[in-house]
Each structure stands twice: as structure tokens, then as C-alpha cells.
Amino acid sequence: MVAGLIAGDDDWLWVAVEWSPPAFGEWLYESDGIDATMTVVLLVAALVKATILWLILLAPLRGPLDRRERALRLLLYLAVVDALVLWFPIALLPDEVDAVLQLALWTAINVLFLLVIRWRSRVLRVAAGAMFAVQLAGLLDYLLDELDLLELGPGAVLGMVWMLGGVAGTVLTIIGQRRDGRWSLGTQVAGWLSLSVYLLVILFNLPFGWSFVGSLELTVLMDTAGLVSTLWLASTARELTAGGGEPADIPPTPRWIRVGAAAVAVLPVIALIHPEQSPRLTYSGWEMSCYDRRSFGDVKPAERDAVFLCAARSTDGGVPPMFPDSLSDQQVLGYGRALCRAKDADEQKAILTRAGSERPAWGADPRELVHVCPEIVGAAQPDLLRSEEETEAANDAFVAEANAKCRDPWPRTKGVVQATANYFLFADGDHGYVVHDPDDEAGGDEGERAIARLYDDDVLIGVAGSTVLVGHVEDVIDLCLTVKAFRTAPPRRLSGWYQVTEVPIISRTGRLTVPEMGDGEVGAGAPMPNLAIEGKGRYRVRVYVRLDRASEEHLVVVFPGASRKTLKLKP
């Protein structure tokens, strides 16, 4: 180390003092090296760490040990080796591995502490067990975080609880060592000094943030203080013997100590209980389970609140959530029930504004509110109470009923293929329906051109290549549609029809059909046949239209034909 210092090798000095590769000293690559002050800090740390390391390497005391004592000594030395050597190869593994190993190691050590140390006080043992449980809860929270699972609570709050639990657990263990009598005063002093790690963490997080100490100095201080903790573990393992020097005439534990120990055990647990107004984000919009949006009838009563919370905090499509994350689960549910009782959209807007929503003007979707107040929303919209299966059955029944109202206008003239069904249009208006070649690669562009040509004249038919767009005369949301395909042109039969028009179409793939409803909102309510009965080639499409009060009926006849003319057979 001295040679490296004389040579001015900062890398070598860092490795000699910190026992870690130069890559861990990022400051070496972010600055011109170390200054004189940092050199002094490293040299002092080197002397202190060398002394501590010599004490750690002292041989364990001889003497018989029972099974529990041998296991505790072995695990304590394993923790020492982990702190000195194993931390580097473990750091090369995934963080989840380190979290599992630490949780397993310290669970075993804490359990054996409770069994091996002669506490001579039931209150002291129970208090120590409670603090050990808090420590292990911190390690479990770390593991859950690494596994991207639900954490135990807000990190800033619980981080302090875990740290205070560690302090209390160390203090109670040192008291237990003193009352046991097997551990020397030097080991107990090392235990008290090991609390300097927690002190440094607290000082670093104070408002002034230890501004008088740079990041490198703090790193060295923390590393040195951590080695004191390793010394305490090593000394505890070294002086662990069977029997041991039982202290003479230990007086009864004073009442204030028992009360203090009980308070130390209970206060961290109380700190875990958040007040009602604290935000508890049990269900958030970014959890994977929130992407499973089920119908109300498929959600168990115990899961309804969770479904609403997911929807209320959802940011799907990049839109802001209904409620901000600063509100607790209970507050969101309360606002949701208030929205259910709102008399109109203005009252809903006022509630959302009061809640701090970024989208108060949007109001609330009844499909989401139904999960928190089914008795209110269901009374106005009973269909929202259905399950997915019930909704599908109701839709099928609705489509079947609509299809049953449509009749074939040419029942005695059978086509090679034919079908009659209700054609559903968009409720807010639609251009109409298409007779097209669904497999034609040019169909998209030709569909756009057909829309542009739809309103060129009063026949409301747009033609472009393999697409014929047929408009509707009245402002309707559905119409009765019959399609028939013939091998030759059928009789015109114009009587009784409001309008009859014949236009050309081409099938480049051997298919011509009308879109079906399927899973969408528009389309024919029944399967439509392939009208290109002669395969690829040119065809003629004759469209019959007539009106009956508020309904509209269309008959589409397709047959082979090379003509490219548009014929207005009945304008």
C-alpha cells in the first residue's frame, strides 16, 4: 500500500483500503483522482480496518458446544465470510439470489440467538423476538421488491421502521449477551460500536444531509463502520462456549427496563399501521391483474372493490387516471360511491374536481361504477349486471330476433348461393355496407375511392375496382339485406322498388362477399356466402332498394358480366 501511495497509484490505494476492485470506485473515473484529504482518510481507515481484521481472525475459544451452539457459531462465521469475501462473487449473481440468501441466513441466526442466549427474562426474549421479526420483514420486503411483487408498504416509511428494528434488535442482543455472561466486555463494546452504521445512515438522511462530507468520504466511513459490525459477529462466534461464566447475583429487572423493552417491541409494529388518510395503493392500474377486465357478473363480490380501484387508477391509452395516486383505496372507493349517487353530469364533475382528478369533465363510466354500487347502476342499466356468458347469449338473441324480422323479397327465385340477414350499421351514422373482394391487396385504397364516389350522384353507390359501397337512403342504424348470386342475369323485376342500380365489380382472388358482424359492432347478422360463383373475373352487381316506414330493405344480385357501365334501371 505504501509503495502504491508513493507511486501515486489511486487504483492501488483504493483496492488496498476498500478490498474491492477499482471499478467500484467510480470516483476514479469521474475525477482526476484523490486529493490530500481523501488520502489521509484512506490511510486512517486502512489502519483501523487492519486492526479490526486482526481481531476478527483470532481463533475461537476451545470448549464443548451443543448442537444449537455449534450451528450458531458456524452461521455467524458464515455471515463474517459473506461480509469480507463472498459479497463480491454474490454481487455478480442476480439480486434476487442475494436477497434469498440473506433472508435464509439471518432467519436461522436470529432463531438461534433466541434459543442459545440465556436472556434470563421472558420480556427481554419476547422483545428481542419481535425486533428480529421486524428485521426479517425488512429482508422479505427487499426480496419482494427484487422479484417485482407487491411490497409491504411505502419505502420511505418502512425503510425507517426496518432500520429502527435493526437498532433495537442489536441493542437487545447486546443486553442478552451481558446477562448471559459468556461474552466479554470487549465483544459487548464492539456490539455497541456496530450501531455506528445506523447512526451514519440517520445523519446522512437528515436535512443537512452531511453536506460537509463528500460521497467518497461517506463510502469509506460506512465501510469501516460495517467492519465493526463484522467484528462483533466474529467475537460473538469466537467466545460462544458451553456453560460459561454465569454472572453472580443478577438483580431483578427494574420495572422501567421491562416497560422500555415492551415499548421497543410494540412501537415498530404500531408504526406499520397507517392512518386511514394515508394512501394505501393496494390495487394500482399498472399491475398485470388490472389488465383482466371482466364483466360484473364474472366478478366475485369480494373482488368488486379491487376491479373498481384498477379501473379508477388505469392509464390505458396514455390517458390520465380517474383519481390520483395520492388518494388511499378507501378514499377512492368513497368517491366512487358518491359518483353513483350524483344526480347529473355536473355533480359528477364537481365530485371529481374535489377529488383532484385530472379529467373531471369526462365523468364516470357506469361500466366501472357498477362494481361499487350495483344496486344503483343496475337499476338504470340492468344489462351491466350480466356475466360475459349472459351478455353473449343476450347479444345472440338480439341478433337472431333482428334477423327473423327480415324476409327474402324474391322467395321463388333461388340463387346459386344466397342469404338474408339484418345488417347492423354504426349507431352514430355509417356510409353503408360493401360488396367486395376481402382478399384483394388493393382493397384498402379502392375502399377509400369508393367512399369518395359514393355521393357523386343520387344513387348512393360508390364503385372502385373490387369494391362497391352501397349507401342507405334513410338515417337508419340497420337494414334488411338479401344477397343472391346467379350464373346469368336474372329478370329485372323493377316493380315495388324505390331504386334499382347496376354497377361493375371485379374479383381478383375469386371471392366477393359482404362483411359479417362477427365480434364487431357492424356487419351482417348471419354468415354471408361467396358471391363470385365463377371464380376470378368481372361481375355485375344489381342493387334494389325500397323503404317501408322507418325501415329500409336491400336486395343485392350478383352475376358474371364484362360491362363496365353503371345503369340506373330505376332512378
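Residues numbered from 1 in each chain as written. Predicted model: local features only at pLDDT ≥ 70, side-chain atom pairs only at ≥ 80, totals over all residues. Heavy atoms only, no water.

Looking at this model, I keep getting lost on the packing of helix 5 (residues 67-91) against helix 6 (residues 95-116). Mind explaining?
Pairs of packed helices are described in terms of their axes, by the angle between the two and the distance that separates them. The N-to-C vectors of helix 5 and helix 6 enclose an angle of 155 degrees; their axes lie 10 Å apart at closest approach. The angle between helix 5 and helix 6 places the two elements in the roughly antiparallel class. In this structure, helix 5 crosses over helix 6, and the sense of that crossing is left-handed. Residue-level inspection shows Arg68, Glu69, Ala71, Leu72, Leu75, Leu76, Leu78, Ala79, Asp82 and Ile90 of helix 5 in contact with helix 6, the latter providing Asp98, Leu101, Gln102, Leu105, Trp106, Ala108, Ile109, Leu112, Phe113, Leu115 and Val116. Residue composition of the contact of helix 5 with helix 6, by class: 16 nonpolar, one polar and four charged. (Axes fitted to C-alpha atoms, helices over the stretch in contact; angles between N-to-C directions. Helix = DSSP H or I, 4+ residues; strand = E, 2+ residues; numbered from the N terminus. Parallel < 35°, antiparallel > 145°, perpendicular 65-115°, else oblique. Left-handed = near helix turned anticlockwise from the far one by under 90°. Contact = heavy atoms within 4.5 Å. Nonpolar A, V, L, I, M, F, W, Y, C, P; charged D, E, K, R; others polar.)

Help me understand the environment of Phe296 in this model?
Position of Phe296 among the secondary structure elements: in the loop between helix 12 (255-271) and helix 13 (304-312). As a C-alpha pair, Phe296 and Leu384 span 88 residues in sequence and 6.8 Å in three-dimensional space. Beyond its immediate chain neighbours, meaning those up to four positions away, Phe296 contacts Arg304, Val370, His371, Pro374, Leu384, Leu385 and Arg386.

How should the environment of Trp183 be read in this particular structure?
Position of Trp183 among the secondary structure elements: in the loop between helix 8 (155-180) and helix 9 (185-194). Given the relative accessible area of 5%, Trp183 is considered buried. Trp183 sits 57 residues away from Leu240 along the chain, and the two C-alpha atoms are 7.2 Å apart. In this structure, Trp183 is in contact with Ile117, Gln177, Gln188, Ser235, Thr236, Glu239 and Leu240, ignoring residues within four places of it in sequence. Of note is the side chain of Trp183, whose polar atom sits 2.9 Å from the backbone oxygen of Thr236. (Buried < 20%, exposed > 50% of the residue type's maximum accessible area, 1.4 Å probe, protein only. Polar contact = N/O pair within 3.5 Å; in protein donor to acceptor, adjacent residues only side chain to side chain.)

How should the sheet that holds strand 2 (residues 433-436) be read in this particular structure?
Two strands in a sheet stick together by hydrogen bonds in their backbones, pointing the same way (parallel) or opposite ways (antiparallel). Taking strand neighbours across the sheet as the criterion, the three strands line up as 2-4-3 in an open arrangement whose pairing is antiparallel. Every interior strand has two partners, whereas the edge strands, strand 2 and strand 3 (461-464), have only one. Adjacent strand axes in the sheet meet at a mean angle of 15 degrees when their direction is disregarded. Strand direction decides the pairing type here: strand 3 and strand 4 (residues 467-470), joined by four bridges, are antiparallel. Directly across from Val463, in strand 4, lies its bridge partner Val468. The strands that helix 19 (residues 443-453) touches are strand 3 and strand 4; relative to strand 3, the one it contacts most, it runs at about 145 degrees. (Pairing = 2+ DSSP bridges.)

How should I be thinking about the confidence of the model for the chain in this particular structure?
Low-confidence regions, as indicated by low pLDDT, have predicted coordinates that should not be scrutinised in detail. Mean pLDDT over the chain stands at 81; residues scoring 70 or higher make up 78%. Note on residues 268-274: pLDDT is under 50 here. Beyond four places in sequence and across chains, it has 11 contacts. (pLDDT = per-residue confidence, 0-100.)

Would you mind showing me how to read the state of the cysteines here?
By definition, a disulfide links the sulfur atoms of two cysteines through a covalent bond. Taken as a whole and judged by the stated rule, the model has two disulfides. A disulfide bridge connects Cys340 with Cys373, and the sulfur atoms are separated by 1.6 Å. Taking the sign of the S-S torsion, -65 degrees for the link of Cys340 and Cys373, the bridge is left-handed. Pair noted here: Cys340 is in helix 14 (residues 329-341) and Cys373 is in the loop between helix 16 (366-369) and helix 17 (374-380), with a separation of 33 residues, a long-range link. In this pair, the class of Cys340 matches that of Cys373, namely buried. Two residues, Cys406 and Cys480, share a disulfide whose sulfurs are 2.1 Å apart. (Disulfide = S-S within 2.5 Å.)

How do you make sense of a nonpolar patch on the surface when you look at a structure like this?
Together, Val40, Val44 and Val48 give the surface a local cluster of nonpolar side chains, amounting to about 230 Å² of exposed area. Looking at where Val48 falls in the secondary structure, it is placed in helix 4 (residues 36-56). (Patch = residues over 30% accessible without salt bridge, like charges linked within 9 Å, V, L, I, M, F, W, Y side chains within 5 Å. Areas by Shrake-Rupley, 256 points an atom, 1.4 Å probe, with all protein chains shown as cover. Salt bridge = Lys/Arg side-chain N within 4 Å of Asp/Glu carboxyl O.)

I would appreciate a short explanation of unusual backbone geometry in the present structure.
Of note in this structure, Arg120 is not a glycine but carries a positive phi near 60 degrees. Residue placement: Arg120 occurs in the loop between helix 6 and helix 7 (122-146). A positive phi angle is found at Arg493, which is not glycine, with a value near 50 degrees.

What exactly am I supposed to notice about a negative patch on the surface here?
Taken together, Asp298, Glu388, Glu389, Glu390, Glu392 and Asp396 make up a surface patch of like negative charges. Structurally, Asp396 can be placed in helix 18 (residues 388-404). With relative accessibility at 49%, the residue Asp396 sits in the partly exposed group. (Lys, Arg positive; Asp, Glu negative; His and termini not counted. Charge placed at Lys NZ, Arg CZ, Asp CG, Glu CD.)

I would appreciate a short explanation of the pairing of strand 1 (residues 417-424) in the present structure.
Along any regular strand, the residues point their side chains to alternate faces of the sheet. Pairing geometry for strand 1 and strand 5 (residues 478-485), over eight bridges, is antiparallel. Within strand 5, the residue paired with Ala419 across the bridge is Val483. For strand 1 and strand 7 (residues 523-524), the ladder comprises two bridges, and the chain directions are antiparallel. Pairing of Tyr423 across the sheet is with Ala524, part of strand 7.

Is there a simple way to explain the pattern of salt bridges in this structure?
Opposite charge on two side chains allows them to pair when their charged atoms are near. Under the defined criterion, the tally for this structure stands at 17 salt bridges. Where Asp365 meets Arg367, a salt bridge forms, and the shortest distance between an N and an O atom there is 2.8 Å. A relative accessible area of 23% places Asp365 in the partly exposed class. Taking the shortest distance from any N to any O, the salt bridge between Arg540 and Glu502 comes out at 3.1 Å. Linking Arg540 in strand 8 (residues 537-548) with Glu502 in strand 6 (residues 499-507), this pair joins segments that are 38 residues apart in sequence. The two residues Arg540 and Glu502 agree in class, both being buried. Through salt bridges with shared partners, a single ionic network connects Glu69, Arg118, Asp180 and Arg182.

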